[in-house]
Amino acid sequence: MSNIVAIVGRPNVGKSTLFNRLVQRRDAIVDAVSGVTRDRHYGKSNWNGKEFSVIDTGGYTVGSDDIFEEEIRKQVNLAIEEADIIVFVVDVEEGISPMDEEVAKLLRKVKKPIFMAVNKVDNSMRDANAVEFYNLGLGEYYTISSINGSGTGELLDAMVEEMTDIIEEETELPRFAVVGRPNAGKSSFINALIGEERNIVTDIAGTTRDTVDTKYNRFGFDFNLVDTAGIRKKSKVKEDLEFYSVMRAVKTIELCDVAILVLDATRGFEGQDENIFWLAEKNKKGIIILVNKWDLVEKETNTMRDFEAQIRREIAPFTDVPIIFISALTKQRIFKAIETAVEVYENRKKRITTSKLNDTMLEIIKHNPPPSNKGKFVKVKYCMQLPTPTPQFVFFSNLPQYVKDPYKRYVENKMREIFDFKGVPIVIYFRKK
Ligand code: GDP
Ligand code: GDP
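Thresholds applied
- Numbering of residues starts from 1 in each chain and follows the order in which that chain's sequence is written.
- Whichever chain is written first becomes A and whichever ligand is written first becomes 1, with later ones labelled in order.
- Whole-chain, interface and lining totals are the exception, using all residues; otherwise, since this is a predicted model, local features are given only for residues with pLDDT of at least 70 and side-chain atom pairs are given and counted only at 80 or more.
- UniProt positions are given in the numbering used here, feature names are shortened, and annotations may be inferred rather than shown by experiment.
- Counting from the N terminus, the helices are DSSP H or I runs at least four residues long and the strands are E runs at least two residues long.
- The exposure label follows from counting other C-beta atoms within 10 Å of a residue's C-beta, where the C-beta atoms are placed from the backbone and the thresholds are 20 or more for buried and 12 or fewer for exposed, leaving partly exposed in between.
- Distance between backbone-placed C-beta atoms decides contact: two residues are in contact if it is within 7 Å.
- Only the C-beta atom matters for nearness: placed from the backbone, it must lie within 6 Å of the molecule or strand for the residue to count as near.
- Each residue gets one label: Ala, Val, Leu, Ile, Met, Phe, Trp, Tyr, Cys and Pro are nonpolar, Asp, Glu, Lys and Arg are charged, and the others, such as Gly, are polar.
- Pairing between two strands requires that DSSP report at least two bridges joining them.
- Between N-to-C directions, angles cover 0 to 180 degrees, with each direction set by a line fitted to C-alpha atoms, over the stretch in contact for helices.
- Put simply, a nonpolar core is buried Ala, Val, Leu, Ile, Met, Phe, Trp, Tyr and Cys residues tied into one set by C-beta atoms within 7 Å.

- Going by the annotation in an unreviewed UniProt entry, the name recorded for the chain is GTPase Der, with Lutibacter maritimus given as the source organism.
- UniProt lists a comment for the chain under the heading Subunit (unreviewed entry), and it reads "Associates with the 50S ribosomal subunit."
- According to the UniProt record, the Sequence similarities (unreviewed entry) comment for the chain reads "Belongs to the TRAFAC class TrmE-Era-EngA-EngB-Septin-like GTPase superfamily. EngA (Der) GTPase family."

Structure, rendered in C-alpha cells:
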C-alpha cells in the first residue's frame with residue numbers, strides 16, 4: 001500500500017511553499033549534513049502516525065509559456081493516475097483563473113480523494129473571499145496559508161483520514177523492484193532473468209489497476225517483481241517526462257522490499273541514479289546496485305575496483321551496499337544478482353535477540369564510549385531491536401543528547417560488521433533511560 005500525495009495547480013499559487021511545509025523541510029537539514037544534492041520536490045512526512053510521500057508536481061515543470069498549459073494538463077493527468085491523494089492548490093489573491101477551471105474539470109471526474117486548498121488565506125478577512133471557489137464544482141475546500149501555516153493542520157487531519165496505515169504486509173515472497181534511468185537496461189535485465197516469461201506463475205493484482213506483482217520462480221528462488229506491468233507496456237511519451245519517471249520510481253520503490261538499481265556502466269553514476277538510491281534509502285528499503293552493460297567496458301587491472309570506489313563515494317555515508325557488475329546481454333552474473341537480492345531481503349528481515357545485542361554492543365561501547373561532553377560521561381545501559389518491519393535499534397542511556405552523529409555512525413558500522421546488514425538501511429536511536 002502506498003500513500004502518495006501529489007500537489008497540483010497552476011504556477012505561483014504556492015505549491016512549493018505548501019510542499020515545504022508538509023515535509024517540514026527536515027530534508028534540507030539532512031542534506032546539509034551529508035552534503036548530498038537531493039530531489040527537492042519529493043519528500044516523506046508523517047502526521048498523526050501516518051507516513052506518506054509528497055510530490056510537488058510544479059517542481060517538474062519545464063518549458064516555455066506556450067507549452068505551459070499543456071504541461072500542467074499532463075502533470076495533473078499523471079497525478080490522477082499515479083497518486084493516491086491529490087491536493088489542488090488555488091490562490092485566494094488571484095481568484096479563479098481559466099487554468100484553475102481546466103484543472104478542476106479534470107479533477108471532477110476523479111474517484112480518488114481530492115483536497116482543494118485555497119491558499120494565501122493569511123488572515124480571517126480573506127476567508128470570505130474563498131467562497132467563490134465553490135464554483136469550481138469540487139465541493140468543500142480548506143482555507144490555508146502555506147506561509148504562516150494556518151489551516152494546514154486541518155488539511156493534514158483530513159488527508160490522513162484517507163490514508164492507509166503502512167503496515168508492511170508480510171508477504172511470503174521477496175518483492176523486488178527493478179529501477180533506474182531510462183535505457184540503463186532494466187527491461188533487458190528482466191528479460192535475461194525471466195526468459196520468455198515462461199516462468200510466470202500468477203499475476204496478483206496490486207493496490208491500483210496498473211501495479212502488478214508478478215510471481216517468478218527462477219534459479220531456485222521464488223520472488224515477486226513489482227510493477228513489471230508498467231515496464232512491459234512502457235510508453236515512450238510517458239518515459240520522457242521526468243515527473244513521470246519520478247512518480248513511477250516512488251511508487252515501485254514504496255511497494256518493494258528490495259530495490260534493484262540498474263546503472264549503465266558506460267555512463268557511470270549520475271544525478272538521477274543518486275535520487276533513486278536516496279528514495280530507496282529514505283523508504284528504508286533493501287538496495288543492490290547492478291552495473292549493467294559491463295560487456296561494453298574496456299577493462300584494465302583496476303577498472304572494476306575504481307568504478308566501485310566511485311559509486312561508494314557517491315552513496316556515502318550509506319556505503320554498505322552490494323555492487324555487482326553484470327551484462328543483461330551476455331547474462332554475466334545474472335544469477336549472482338538475484339542471489340544477492342535475496343540475501344539483502346533476508347538481512348532486512350533479520351532479528352537480533354536482545355541478549356545477543358547487549359552482549360556484543362555494550363562491550364564495544366564500553367571499550368570505546370561516546371566522547372564526554374562538558375565533563376559528563378554518557379553511559380549506555382541497555383539496547384534492543386524495535387519490533388519494526390525494518391531494522392531499528394534503540395540504545396538507552398543517560399544524556400542521549402550528547403551522542404552525536406559520528407558516534408552513531410561508529411555504532412552502526414560495528415553492527416554492520418558483526419551482524420551483516422548489507423544492503424539494508426538501519427536506524428539507531430539513543431534514548432533516555
Ligand atoms: P508554486 O509556483 O505554485 O510552487 O508557488 P510558490 O510556492 O513558489 O509560491 C508563489 C508565491 O506565492 C511566492 O512568492 C510565495 O512566497 C507566495 N506564497 C505562497 N504561499 C503563500 C501564502 O500562504 N500567503 C501568501 N501571502 N503568499 C504565499
Ligand atoms: P530500460 O529503458 O532501462 O528498460 O533499458 P533497455 O532494457 O530497453 O535497454 C536499453 C538499450 O541498452 C537497449 O538497446 C539494450 O539492447 C541495451 N542493453 C541493455 N543491457 C545491455 C548490456 O548488458 N549490454 C549491452 N551491450 N547492451 C545492453
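**Looking at the overall build of the chain**
- Within the chain, the regular secondary structure consists of 14 helices and 16 strands.
- Looking at the 433 residues of the chain, the share that counts as buried comes to 39%.
- Long-range contacts, defined here as pairs at least 24 residues apart, represent 72% of the contacts in the chain between residues at least 6 apart.

**Focus on the site of ligand 2**
- The environment of ligand 2 is formed by 15 residues, the closest being Gly185, Lys186, Ser187, Ser188 and Leu329.
- Considering each element in turn, the shell around ligand 2 owes the most residues, 3 residues, to helix α6 (residues 186-194).
- Taken together, the residues of the shell around ligand 2 break down into 5 nonpolar, 7 polar and 3 charged.

**Brief notes about the sheet that holds strand β15 (residues 392-397)**
- Pairing within the open sheet is mixed, and its 3 strands lie in the order β14-β15-β16. Sheet topology places β14 (380-385) and β16 (427-432) at the edges, where each strand pairs with a single neighbour. Averaged over all pairs of adjacent strands, the angle between their axes in this sheet comes to 20 degrees, without regard to strand direction.
- Examined bridge by bridge, β14 and β15 share 5 bridges and lie antiparallel to one another. When the sheet's bridge partners are listed, Cys383 is paired in β15 with Phe395.

**Some points on the site of ligand 1**
- Inspection of the region around ligand 1 gives 15 residues, with Gly14, Lys15, Ser16, Thr17 and Lys120 positioned closest.
- In terms of residue count, the dominant contributor to the shell around ligand 1 is helix α1 (residues 15-22) (3 residues).
- For the shell around ligand 1, a count of residues per class yields 3 nonpolar, 9 polar and 3 charged.

**Points about the pairing of strand β1 (residues 4-8)**
- Judged by how many residues are buried, β1 sits mostly within the fold: 5 of 5 residues are covered.
- Burial of the side chains of β1 extends over both faces: Ile4, Ala6 and Val8 are buried on one face and Val5 and Ile7 on the other.
- Bridging between β1 and strand β3 (residues 50-56) involves 4 bridges; their strand directions are parallel. Its bridge partner lying in β3, Val5 is registered against Val54.

**Things to note about the sheet that holds strand β6 (residues 141-143)**
- Here we have 6 strands laid out as an open sheet, ordered β2-β3-β1-β4-β5-β6, and mixed in their pairing. Among the strands making up the open sheet, the edge pair consists of β2 (42-47) and β6. The mean angle between the axes of side-by-side strands here comes to 30 degrees, regardless of whether they run parallel or antiparallel.
- With 6 bridges joining them, β2 and β3 adopt antiparallel strand pairing. Following the sheet pairing, Tyr42 is matched in β3 by Ile55.
- Sitting on the sheet, helix α5 (residues 152-161) is in contact with β1, β2, β3, β4 (85-91), β5 (114-119) and β6, with an inclination near 175 degrees to β5.

**Quick word on the nonpolar core**
- Core analysis: the largest hydrophobic core is formed by 110 residues, its most contacted members being Phe88, Ala117, Ile260, Leu261 and Leu290.
- Not counting the four nearest positions on each side in its chain, Ile260 is found in contact with Phe176, Ala177, Val178, Val179, Ile288, Leu290 and Ala341.

**With respect to unusual backbone geometry**
- Of the consecutive residues Ala316 and Pro317, the connecting peptide bond is found in the cis state with omega at 5 degrees.
- Along the polypeptide, Pro317 turns up in the loop between α11 (303-315) and β13 (323-325).
- If you check the backbone angles, Lys293 has positive phi at about 65 degrees while not being a glycine.
- You can see Lys293 is positioned in the loop between β12 (286-292) and α11.
- Judged by local crowding, Lys293 falls into the buried class, with 22 C-beta atoms found within 10 Å.
- Phi at Arg333 takes a positive value of approximately 55 degrees, unusual for a residue other than glycine.
- Among the secondary structure elements, Arg333 is positioned in the loop between β13 and α12 (334-348).
- A residue is classified by how many C-beta atoms lie within 10 Å of it, and Arg333, with 17 of them, is partly exposed.

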